[in-house]
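Chain by chain, the residues run as shown.
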Amino acid sequence: RAEIYLADESAGRFSFTKRMASIRHCSKTIQHKFDFYSYCSDSFVQLRHLGHSLEAFEASVPPKSEASDQSAQEGAGTGTPNAPTEQEQQEQQQKMEIALRAVE
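Remember, it's a predicted structure, so these values are computed and weren't measured experimentally. (Residues numbered from 1 in each chain as written. Predicted model: local features only at pLDDT ≥ 70, side-chain atom pairs only at ≥ 80, totals over all residues. Heavy atoms only, no water.)

**Topic: the overall build of the protein chain**
For the protein chain, the helix and strand inventory stands at four helices and zero strands. Secondary structure elements of the protein chain occur, N-terminal to C-terminal, as α-α-α-α. Counting only residues that meet the buried cut, the protein chain has 8% of its 104 residues in that class. Of the roughly 9,200 Å² of accessible surface on the protein chain, a fraction of 58% belongs to carbon and sulfur atoms. (Helix = DSSP H or I, 4+ residues; strand = E, 2+ residues; numbered from the N terminus. Buried < 20%, exposed > 50% of the residue type's maximum accessible area, 1.4 Å probe, protein only. Areas by Shrake-Rupley, 256 points an atom, 1.4 Å probe, with all protein chains shown as cover.)

**A look at the environment of Ala2**
Summarising the element assignment, Ala2 is placed in helix 1 (residues 2-11). Judged by relative accessible area, Ala2 falls into the exposed class, the value being 55%. Sequence-wise, Ala2 and Ala21 are 19 residues apart; in three dimensions their C-alpha atoms are separated by 9.3 Å.

**What about helix 2 (residues 16-60)?**
Here helix 2 contains 45 residues, and its C-alpha end-to-end distance of 66 Å stays within 8% of the 66 Å for a straight helix at 1.5 Å per residue. Taken as a whole, helix 2 has its buried residues at Lys18, Ala21, Ser53 and Phe57. (Expected span 1.5 Å × (residues − 1).)

**As for a nonpolar patch on the surface**
A contiguous nonpolar patch, built from Phe16, Met20 and Ile23 and spanning about 320 Å² of accessible area, is present on the exposed surface. Mapped onto the secondary structure, Ile23 falls in helix 2. (Patch = residues over 30% accessible without salt bridge, like charges linked within 9 Å, V, L, I, M, F, W, Y side chains within 5 Å. Salt bridge = Lys/Arg side-chain N within 4 Å of Asp/Glu carboxyl O.)

**As for the packing of aromatic side chains**
Geometrically, a pair of aromatic rings is defined through the distance of the ring centres and the angle of the planes. This model, assessed by the stated rule, comprises one aromatic pair. Summarising the aromatic geometry, the rings of Phe36 and Tyr37 are spaced 5.3 Å apart at their centres and angled 65 degrees between planes, so their arrangement reads as edge-to-face. Residue classification places Phe36 among the partly exposed residues on the basis of a relative accessible area of 48%. Judged by its relative accessible area of 56%, Tyr37 is exposed. (Phe/Tyr/Trp six-rings, centres within 6.5 Å; stacked < 30°, edge-to-face > 60°.)

**Topic: the environment of Ala56**
For Ala56, the location among the structural elements is in helix 2. Taking the C-alpha atoms as reference points, Ala56 and Lys95, 39 residues apart in sequence, are found 9.5 Å from one another.

**Digging into the confidence of the model for the protein chain**
The share of residues in the protein chain with pLDDT of 70 or more is 70%, and the mean pLDDT across the chain is 75. Element-level mean pLDDT values for the protein chain span from 52 in helix 3 (residues 66-78) up to 87 in helix 2. (pLDDT = per-residue confidence, 0-100.)

So this is what it looks like as structure tokens:
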């Protein structure tokens, strides 16, 4: 914008120099807008991939049975939390790693 102002002051109101400065300014503005929308679309695509991998992860996790829900409620009533075993934690970790690799 400063270039347009200087061209206006030095060469006059309707000069070729001012038009060229205006064209450069408009092209930079358009380039910035294009970059912004490009970054937004890339973020949206990455978010979609993350959503798909999350769905795959949720599908790979077996649903809880009613018996395990009841035992969890009984354990909550006595004050002893129903913590997963070490093997369950390792399986969960492996499934998370598979889901994260699917994102990449």
